[in-house]
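# Coordinate inspection notes
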Amino acid sequence: MTTFQQQKQQILRLFEEEITIAKNQKDTNLENHLKEAQKHLAEEKIYVVVCGEFKQGKSSLINAFIDETNLFPVDVKITTNLVSTIAYAEQEEITVILGDIGQGQAKQINRFEIPEYVTEQKNKSNQKKAKLLMIESPNPYLKDGLVLVDTPGTGSLNAEHTALTYSFIPNADAILFVSDIQAPLKVEDLNFIKERILPHCQNIIFVLTKIDVITNYQKIIDSNREKLFNSLNLSPEQISLIPVSSKAKQDYLKYKDQEDLEQSHLPELQEKIWSLVKEQRGQILLLKALTELGKALTQIKRPLEVEWQSYQQRGQQELDQWEQDIKKIQKQLQDLLQNNAEWQTHLRDGLEIIRLDAQNEFHNGFVQLQRRSTKYLDDPAFLNNPQQIPTLLESDIDAMMTELSKKLNSKAATLYGEIEERSGLNFNPFAASSLEPEHAHFALDEIQIKKTSVVEKAVNVGRTGAFNTGAGASLGGFLGALVGGVVGVFAGGVGLIPGAIIGAKLGGLLGVVAGSTKGVIEGIKDIPKQDQTLAKREISKILRQYLEDSQRLCMQTLNQSIKSLEKFMRDELTSQIKRQKESYDKTLQSLQQARKLSQEQGSQRANQLQAPLQKLIQMQQEVEQLAIAVTTQSENRQPKAKPQTSLKSPPKEPVTVDAHADYGDWADG
């Protein structure tokens, strides 16, 4: 199990513990909030797209990768003609999507029927109108959210499948570019990588298959590495090139000879994939979850901490001041809930600036698309086969809108952080105590934690994680629009977070564009090709109208996305404020009830609080250490040791709580 997988399991365990605490406290809102955050982490998908030319061993590689022998057809004469996905589920279920654009239907099949739909030999020219094969399997290699996407060869057998292949690339967390050890990388391969992959996904692993058929393959590896270095402007450190033998892995599965496993190099490939995932998307997923854990722990602990402190021989004047401070915070939080609160104006103004920037970039993007359309028409190769042009333009639109949505979400995350800061909500969710003794009282504008640079980064990445456009949302929306509401495997992990909202809208848009593209392709087919000048003029008219229609649809989606962002951010900030206020309401209630107790009753109550507080402190320490570990590991640094956390009074005289000591009569201290 990799570090990412171990940390994910630790975090899921912490969610279970916090949910139990919230349930015991009868805090239904917090319990539901934690369950939703836990679900996001548990179900969020990691997309690895496998692409390359025909007959390079992609299907064999996937079979070997997940310890399957016959899931994907691999006969030497068989050519895959359909995009296939495989993801985790408790029980195996295989679905093929069939039908015309917007009218698709899901058909359940068994694994032995797969070749009937995904191979050119059994489904020539896609007579069965298959669009996508979705496999859900209880395979342990997929349990931590890995989704493998097997694509037709580049150059594709039909334009619709090419478009679907391209739609995955901008959403991929990593790309496996597969080539045969007997067929060194060609110019077409390098151009595909340069033009269709690198602008959208830099996490590429170059896989050389079938190394078992050649004794000395190092020269081919060196040659491919040199080609990649020279043509792609990649440094040697950026070029991950792994030779593999799917046959050796299959031999290992049959005979259990460890030497076969080593010769397959599949464990090395698996480790590299998870390493890339951990450094990129994995860090975001984990820190997003840890941020929610930290906030919830602070919310749970604050009333208990203040109550415990009230029993530590505090004077009446000091306790009076505490009550005043808490009431002041309650008033400030209540003011933040008003419709005319300053943060709401900041939100509107900030999103308007983001909208104008996005529109400017959007218009520039479509100008480039118009120029690219002209460039395609000027290329004799495309003019001889003009049906390819709409497919390429569609993939260009897909990529442009995907990148634009990522920038939109990034700017929204920055704005969200600014509003949190100005509203006094931006405390450090990873700190073991949100109350520092050198700050006077509880005032909102004074609850500012001294953050290390590492923890500061963890907080920022955790916040940004919620604004990431999830591949599952984008592709789910894409399929939903493409085949009439069927989403299937992509629904996992998609919930009410801004990234998912934008992703779903984007996916729906791309599905509509895909439907339009098919109509354009059919229209171009009907144009007589005898007179190339006339044909070029007619094709140009069709493409211009196609781009104008696509631009209008994309602008509508962009504006809807920004409106959805504003609603989400307003609702989420309001929810944060309400959760904070509920926490301080409970804190005030705890303090007032504590003041009614006699000294003896207070001592008994303090002893009762010792165990739950100690548990919460230890959990906060674990959350903070995990946040630092996740952050520093991505930078190839060891996590820094953190000092023992203290249970502190708000204004002064902190009382240290050793996480490993036996306190005895702790309340007497």
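Rules used throughout
Residues numbered from 1 in each chain as written. Predicted model: local features only at pLDDT ≥ 70, side-chain atom pairs only at ≥ 80, totals over all residues. Heavy atoms only, no water. Axes fitted to C-alpha atoms, helices over the stretch in contact; angles between N-to-C directions. Helix = DSSP H or I, 4+ residues; strand = E, 2+ residues; numbered from the N terminus. Parallel < 35°, antiparallel > 145°, perpendicular 65-115°, else oblique. Left-handed = near helix turned anticlockwise from the far one by under 90°. Contact = heavy atoms within 4.5 Å. Phe/Tyr/Trp six-rings, centres within 6.5 Å; stacked < 30°, edge-to-face > 60°. Buried < 20%, exposed > 50% of the residue type's maximum accessible area, 1.4 Å probe, protein only. Pairing = 2+ DSSP bridges.

One can describe the packing of helix H14 (residues 388-423) onto helix H17 (residues 498-525) by two numbers: an axis separation of 9 Å at closest approach and a directional angle of 165°. By the criterion of interaxial angle, the relationship of H14 to H17 is roughly antiparallel. With respect to the hand of their crossing, H14 and H17 are arranged in right-handed fashion. In contact with Pro390, Thr391, Glu394, Ile397, Asp398, Met401, Thr402, Ser405 and Asn409 of H14, H17 contributes Pro498, Gly499, Ile502, Leu506, Leu509, Leu510, Val513, Ala514, Thr517, Val520, Ile521 and Ile524.

In this section: the packing of aromatic side chains. Counted according to the given criterion, the structure contains six aromatic pairs. With 5.4 Å between their ring centres and 20° between their planes, Phe4 and Trp274 make a pair best called stacked. Of this pair, Phe4 sits in helix H1 (residues 3-24) while Trp274 sits in helix H10 (residues 266-310), placing them 270 residues apart in sequence. The residues Phe4 and Trp274 share a single accessibility class, namely buried. An angle of 70° between the planes, with centres 5.3 Å apart, marks the rings of Tyr376 and Phe382 as edge-to-face. Per residue, the accessibility class of Tyr376 equals that of Phe382, and both read buried. Grouping aromatic residues by their ring pairs yields a cluster made of Phe177, Phe192 and Phe206.

Looking now at the environment of Gly417. Inspection of the secondary structure puts Gly417 in helix H14. By relative accessible area, which is 8% here, Gly417 ends up buried.

Our next topic: the sheet that holds strand S6 (residues 146-150). Pairing is mixed across the open sheet formed by nine strands, whose spatial order is S4-S3-S5-S2-S6-S1-S7-S8-S9. Here the strands that pair on one side only, and so sit at the sheet edges, are strand S4 (105-109) and strand S9 (240-243). Neighbour to neighbour, the strand axes of the sheet diverge by 20° on average, direction disregarded. Bridge count between strand S1 (residues 46-52) and S6: five bridges; the pairing is parallel. Bridging across to S6, Val49 finds its partner in Val149.

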